[in-house]
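Below, each chain spelled out in residue letters.
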Amino acid sequence: MTDPQATSGAGSEQKPLPTPDPWAQVATQSVAKEDDSSAPGWERGVLEKLAFAALAEQRAARRWRIFFRLAWLLLFAGLVWTLASNEMASNASKSAPHTAVVNVKGEIADGAEASAENVLAALRSAFEDQGSQAVVLLINSPGGSPVQAGIINDEIVRLKQKHNKPLYAVVEETCASAAYYIAAAADDIYVDKASIVGSIGVLMDGFGFTGTMEKLGVERRLLIAGENKGFLDPFSPQSDKQRQFAQSMLDQIHQQFIAVVKEGRGDRLKSTDETFSGLFWTGQQAIDLGLADHLGSLDYVAREVVKAEDIIDYTRRENVAERLVKRFGMTLGEGAVHAMRSWAPQWR
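Residues numbered from 1 in each chain as written. Predicted model: local features only at pLDDT ≥ 70, side-chain atom pairs only at ≥ 80, totals over all residues. Heavy atoms only, no water.

Details of the overall build of the chain
Next up, step 1: Summing up its helical and strand segments, the chain has twelve helices and eight strands in all.
Next up, step 2: Buried positions account for 34% of the 348 residues belonging to the chain.
Next up, step 3: As presented, the chain carries roughly 22400 Å² of accessible surface, and 56% of it is formed by carbon and sulfur atoms. (Helix = DSSP H or I, 4+ residues; strand = E, 2+ residues; numbered from the N terminus. Buried < 20%, exposed > 50% of the residue type's maximum accessible area, 1.4 Å probe, protein only. Areas by Shrake-Rupley, 256 points an atom, 1.4 Å probe, with all protein chains shown as cover.)

This is the structure:
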């Protein structure tokens, strides 16, 4: 007999196996991984990976810190080398005969570029240098503090006597008030014909708001110990007695100014009623009044008067390192850089 199962199997063709589903394989692998995560000790592996990643990040951050510190150190060393090279070159050039120049520019005030501290430091260096044949004050200033100007004037007189060197003042645009107080100590004053010279006077300025406060209904509450302690307060009334006191103080300082000008200019001064009135004049008018001596520039004085055409500037200025310290604060260290190296009368 014939087997029916055999017959049916022999009579039919064999069917191909189904193609594997990739999505099903991915799902199977994911399930397998989830099953592995549930295996004992998987937390330890994750923590180790996190720890190694944190260590790698710390190493990278440390390398960058070291890089930036080395960069700043190289920059600092470069600045020091540059400053030392410039100083050596400057000292070498100063040994030859030359005309020394010190700038007096801008407001004459404590903390300003034209402060007594800066100007006198430059003047002392200029007078003490054996190569300097004379010192020139290059002035372009509207004035400032009578105290700062008085200190500079007194020191100029002393340095001239000590070193027996002439000092000339050369005026650019302006030499007014406290600036002229300084220039009066010069042996000769050179100006441009259009320079502004003079303004020999003293002022004390401010504002008073008492009338405005009354209109607005504002009450000033000022407690003082001393009858005149607050007489310069702009929100309080000023009595005649207080005004006279302030005026007497200004008059005294004005007389000091006049005495210095007369002593410095001597017989060259052609004094008139307006000379000490606070007026100012052109350079040519100043020569006619005896407030100045000649027309001339810095180059003219160096070439024709001092007979030393080489000009060396002794003006004290902030160097590159000091500017960087002020800009970046404590990045370079202000202490290291330094280790290396209003109510007041105004004349204006």
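Structural notes on the environment of Ala126
Next up, step 1: Residue position: Ala126 is located in helix 4 (residues 116-128).
Next up, step 2: A residue is classified by how much of its surface remains accessible, and Ala126, at 0% relative accessible area, is buried.
Next up, step 3: Linking Ala126 and Thr315, residues 189 residues apart in sequence, is a C-alpha distance of 9.1 Å.
Next up, step 4: Those residues in contact with Ala126 that lie beyond four places of it in its chain are Ala100, Val102, Ser132, Val135, Lys165 and Tyr314. (Contact = heavy atoms within 4.5 Å.)

Focus: the nonpolar core
Next up, step 1: Core analysis: the biggest nonpolar cluster contains 50 residues, and Leu123, Leu137 and Ile189 have the highest contact counts within it.
Next up, step 2: Counting residues per element, this core draws most heavily on helix 4, which supplies seven residues.
Next up, step 3: Dropping the residues within four chain positions of it, Leu123 is found in contact with Val102, Val135, Leu137, Ile152, Ile156, Leu159 and Leu167.
Next up, step 4: By size, the runner-up hydrophobic cluster in this structure holds eleven residues, among which are Val170, Leu298, Val301 and Ala308. (Core = buried A, V, L, I, M, F, W, Y, C linked by side-chain atoms within 4.5 Å.)

Concerning the pairing of strand 1 (residues 98-105)
Next up, step 1: With seven of eight residues buried, strand 1 lies mostly within the body of the structure.
Next up, step 2: Note on the crossover from strand 1 through helix 4 to strand 2 (residues 132-141): the handedness is right-handed.
Next up, step 3: As judged from the three bridges shared by strand 1 and strand 8 (residues 311-313), these two strands associate in the parallel manner. Counted as the bridge partner of Thr99 is Ile311 from strand 8. (Right-handed = clockwise from strand over helix to strand, strands pointing away. Pairing = 2+ DSSP bridges.)

Concerning the pattern of salt bridges
For side chains of opposite charge, pairing can occur when their charged atoms come near one another.
Next up, step 1: Counted under the stated rule, the structure contains twelve salt bridges.
Next up, step 2: As a salt-bridge pair, Glu155 and Arg124 come within 3.3 Å of each other at their nearest N and O atoms. Of this pair, Glu155 sits in helix 5 (residues 146-163) while Arg124 sits in helix 4; the two residues are 31 residues apart in sequence, bridging distant segments of the chain.
Next up, step 3: Overall, Glu155 belongs to the buried group, its relative accessible area being 11%.
Next up, step 4: The residue Glu304 makes a salt bridge to Arg303 at a minimum N-O spacing of 3.1 Å. (Salt bridge = Lys/Arg side-chain N within 4 Å of Asp/Glu carboxyl O.)

Re the confidence of the model for the chain
Next up, step 1: Residues of the chain with pLDDT of at least 70 account for 75%, and the chain-wide mean is 81.
Next up, step 2: At the low end of the mean pLDDT range in the chain sits helix 1 (residues 4-11), at 45; at the high end sits strand 4 (residues 188-191), at 98.
Next up, step 3: Confidence drops under a pLDDT of 50 for residues 4-12, and excluding neighbours within four residues, the segment shows one contact in the predicted structure.
Next up, step 4: This stretch, residues 341-346, has a pLDDT under 50; its non-local contacts, to residues over four places away or in other chains, come to 20 contacts. (pLDDT = per-residue confidence, 0-100.)

Re the side chain of His98
Next up, step 1: Take His98: it is sitting in strand 1.
Next up, step 2: In terms of polar contacts, His98 uses its side chain to reach the backbone carbonyl oxygen of Ala96, at 2.7 Å.
Next up, step 3: Within polar-contact distance, the side chain of His98 engages the side chain of Tyr314 at 2.7 Å. (Polar contact = N/O pair within 3.5 Å; in protein donor to acceptor, adjacent residues only side chain to side chain.)

Some remarks on the side chain of Asn103
Next up, step 1: Turning to its location among the elements, Asn103 is positioned in strand 1.
Next up, step 2: A distance of 3.2 Å separates polar atoms of two side chains, one belonging to Asn103 and the other to Asp313.
Next up, step 3: When near neighbours in sequence (up to four residues on either side) are disregarded, Asn103 contacts Val119, Leu138, Asp313, Thr315 and Arg317.

Here's the deal with a nonpolar patch on the surface
Next up, step 1: On the surface, Trp64, Phe67, Phe68, Trp72 and Leu75 cluster together into a nonpolar patch covering about 540 Å² of accessible area.
Next up, step 2: Mapping Phe67 onto the fold places it in helix 3 (residues 42-94). (Patch = residues over 30% accessible without salt bridge, like charges linked within 9 Å, V, L, I, M, F, W, Y side chains within 5 Å.)

A look at the packing of helix 4 against helix 5
Next up, step 1: Interaxial distance between helix 4 and helix 5 falls to 10 Å at its minimum, and their mutual angle equals 10°. As far as their axial angle goes, helix 5 and helix 4 are roughly parallel. Contact residues: Ala116, Val119, Leu120, Leu123, Arg124, Phe127 and Glu128 in helix 4; Gln148, Ile151, Ile152, Glu155, Ile156, Arg158, Leu159, Lys160 and His163 in helix 5.
Next up, step 2: For the contact of helix 4 with helix 5, the class distribution of residues is nine nonpolar, two polar and five charged. (Axes fitted to C-alpha atoms, helices over the stretch in contact; angles between N-to-C directions. Parallel < 35°, antiparallel > 145°, perpendicular 65-115°, else oblique. Nonpolar A, V, L, I, M, F, W, Y, C, P; charged D, E, K, R; others polar.)

Looking at helix 4
Next up, step 1: Look at helix 4: 18 Å from first C-alpha to last across 13 residues, which is about the 18 Å you get at 1.5 Å a residue.
Next up, step 2: Burial in helix 4 covers these residues: Ala116, Asn118, Val119, Leu120, Ala122, Leu123, Ala126 and Phe127. (Expected span 1.5 Å × (residues − 1).)

Some points on the packing of aromatic side chains
Next up, step 1: On inspection of all chains with the given rule, the structure shows seven aromatic pairs.
Next up, step 2: Ring centres 5.5 Å apart and planes at 65° place the aromatic pair Phe67 and Phe68 in the edge-to-face group.
Next up, step 3: Note on Phe67: relative accessible area 46%, which makes it partly exposed.
Next up, step 4: The partly exposed category is assigned to Phe68, whose relative accessible area is 47%. (Phe/Tyr/Trp six-rings, centres within 6.5 Å; stacked < 30°, edge-to-face > 60°.)

Focus on helix 8 (residues 240-265)
Next up, step 1: Compared with the 38 Å implied by 1.5 Å per residue over 26 residues, the 37 Å span of helix 8 between its first and last C-alpha is a close match.
Next up, step 2: Taken together, the buried positions of helix 8 are occupied by Gln242, Ala246, Leu250, Ile253, His254, Phe257, Ile258, Val260, Val261 and Arg265.
Next up, step 3: The inward-facing, buried residues of helix 8 abut helix 5, helix 6 (178-183) and strand 4.
Next up, step 4: The first or second residue beyond helix 8 is Gly266, which carries a positive phi of 60°.

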